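Reading the structure
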Amino acid sequence: MEKNREITVKGIGNLIVPVDYVEILLTLDEINRDYQKGYETFQNHIIELQEIIQKAGFEKKELKTSEIKICNKYEHERKGSDYVEVFKGYRFYTSLKLNFDFDSKKIGKFFSVISNSEVAPKIDVNFTIKDKESVKKALLANAAKDAKEKASILCEAMGVKLGKIITINYNWDEIRFFSPTSYDLDTDKFCVCGVSDSSIDFTPDDITVNDDACFVWEIED
């Protein structure tokens, strides 16, 4: 019995999409040997961050907590020929996130307010897109179209016909929807005292994303 002839083709979907969403990540990571003082300071800093985002024009509920952790902090130190764990204090850690539609003035206002505060979180700014699912679907549709076009060209060149689809293989890898644009202001050195609007009007670089899938068709005479 003649074995079915098959053709396997990888389809690749590519899209370039503009930024329309911003993620500001705020991290507090503090150490204090006195638990009560450390806890109170940590709590006050979180409250201050909530007040900061309200002064910047956001609602308190828009600042979301991704992680919070309170634990003992130890470090390894050499003692003679051995290394021992030495207690350094209590670690108070939290990761907070503020998401909003892209607006360079809002970003500038946020940095203006936080630069005049005593709290100093680690700040990361990511430029992304809001409707990631629609882009994922469009990428897969492009990948399927690309694969079929390649398979049809190959079959035509060989004088055969493309038959019915047999299998589709997709790896489900995570797609990163981030612009390469970086936004980094050192709030320890960045002073905007008395300045009501320190925003910089800018447009982040577009986001280039791709995805792929493998398709198997039968080959007909």
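The following paragraphs examine the structure supplied in this document. Keep in mind that what you see is a predicted model, and the values were worked out from it rather than measured. (Residues numbered from 1 in each chain as written. Predicted model: local features only at pLDDT ≥ 70, side-chain atom pairs only at ≥ 80, totals over all residues. Heavy atoms only, no water.)

**Concerning the overall build of the chain**
Which entries qualify depends on this criterion: A run of H or I in DSSP counts as a helix once it spans at least four residues, and a run of E counts as a strand once it spans at least two, with each numbered from the N terminus. This radius of gyration counts C-alpha atoms alone. The globule rule is 2.2 Å times how many residues there are, raised to the power 0.38. Contact criterion: two residues are considered in contact whenever any of their non-hydrogen atoms come within 4.5 Å of each other. Working definition of accessibility: Shrake-Rupley area with a 1.4 Å probe, residue cover restricted to the visible protein chains. Counted as positive: Lys and Arg. Counted as negative: Asp and Glu. His and the chain ends are not counted at all. Just so you know, the charge point we use is NZ for Lys, CZ for Arg, CG for Asp and CD for Glu.
The secondary structure content of the chain amounts to three helices and seven strands. When the helices and strands of the chain are read in sequence order from the N terminus, they spell out β-β-α-β-β-α-β-α-β-β. Taking 221 residues into account, the globule formula puts the C-alpha radius of gyration at 17 Å, and the chain, at 27 Å, lies well above it. When its C-alpha atoms are laid out on the principal axes, the chain stretches across 80 × 60 × 30 Å. Sequence-distant contacts in the chain: of pairs separated by 6 or more residues, those separated by 24 or more amount to 84%. Taken as a whole, the chain presents about 14,300 Å² of accessible surface, with 47% of it coming from carbon and sulfur. Positive and negative side-chain charges of the chain, numbering 31 and 40 respectively, have mean locations separated by a distance of 3 Å.

**Quick word on the pairing of strand β2 (residues 21-32)**
Using the following cut-off: Paired strands, as defined in this entry, are two strands with at least two bridges between them according to DSSP.
Taken together, the twelve bridges between β2 and strand β4 (residues 82-101) define a ladder with antiparallel strand orientation. Its bridge partner lying in β4, Tyr21 is registered against Asp101. Pairing analysis gives seven bridges linking β2 to strand β5 (residues 122-128), with the strands arranged antiparallel. Across the sheet, Glu23 pairs through a bridge with Asn126, a residue of β5.

**Re helix α2 (residues 104-115)**
Threshold: A helix is expected to span 1.5 Å multiplied by its residue count minus one. With a 1.4 Å probe rolled over the protein chains alone, any residue whose accessible area is under 20% of its type maximum counts as buried; one over 50% counts as exposed, and the rest are partly exposed.
Taking 1.5 Å as the rise per residue, α2 with twelve residues should run 16 Å; its terminal C-alpha atoms sit 17 Å apart, in good agreement. Along α2, nine of the twelve residues are buried, which leaves the element largely enclosed by surrounding structure. Those residues of α2 not exposed but buried are Ser104, Ile107, Gly108, Phe110, Phe111, Ser112, Val113, Ile114 and Ser115. Those residues of α2 that are buried lie in contact with β2, α1 (35-55), β4 and β5.

**Section: a nonpolar patch on the surface**
Keep this limit in mind: Surface patches are defined over residues having more than 30% relative accessible area and no salt bridge, joining like charges when they lie within 9 Å and nonpolar side chains (Val, Leu, Ile, Met, Phe, Trp, Tyr) when within 5 Å. Take a side-chain nitrogen of Lys or Arg and a carboxyl oxygen of Asp or Glu: if they are within 4 Å of each other, that pair is a salt bridge.
Together, Tyr35, Tyr39 and Ile70 give the surface a local cluster of nonpolar side chains, amounting to about 260 Å² of exposed area. Tracing the backbone shows Tyr39 in helix α1. In this structure Tyr39 comes out as partly exposed when scored by relative accessible area, which is 32%.

**Side note on the pattern of salt bridges**
One pass over the full model with this rule turns up nine salt bridges. For Lys61, the salt bridge is made with Glu59, and the minimal N-O distance between the two is 3.7 Å. You can call Glu59 partly exposed: its relative accessible area is 45%. A salt bridge links Asp146 to Lys150; its shortest N-O distance comes to 3.0 Å.

**Some thoughts on the pairing of β4**
Bridge count between strand β3 (residues 63-79) and β4: 16 bridges; the pairing is antiparallel. When the bridges of β4 are listed, Arg78 appears paired with Tyr83. Taking the residues between adjacent antiparallel strands as the criterion, β3 and β4 are bridged by two residues, where Gly80 takes a positive phi near 70 degrees.

**Here we look at the packing of aromatic side chains**
Operational definition: Geometry of aromatic contacts follows a simple scheme: Phe, Tyr and Trp rings, the Trp one being its six-membered ring, pair when their centres are within 6.5 Å, and the pair is stacked under 30 degrees between planes, edge-to-face over 60, tilted otherwise.
The full count for this structure, using the stated rule, is 16 aromatic pairs. With centroids separated by 6.2 Å and ring planes inclined at 15 degrees, the aromatic side chains of Tyr35 and Tyr39 adopt a geometry described as stacked. One end of the pair, Tyr35, and the other, Tyr39, are both in helix α1, four residues apart, so they sit about a helical turn from each other. For Tyr35, a relative accessible area of 38% gives the class partly exposed. A centroid spacing of 5.5 Å and a plane angle of 85 degrees characterise the contact between Phe110 and Phe111, whose relative ring orientation is edge-to-face. Here Phe110 matches Phe111 in class, with each residue buried. Taken together, Tyr35, Tyr39, Phe42, Tyr74, Phe87, Tyr90 and Phe92 form an aromatic cluster joined through their ring pairs.

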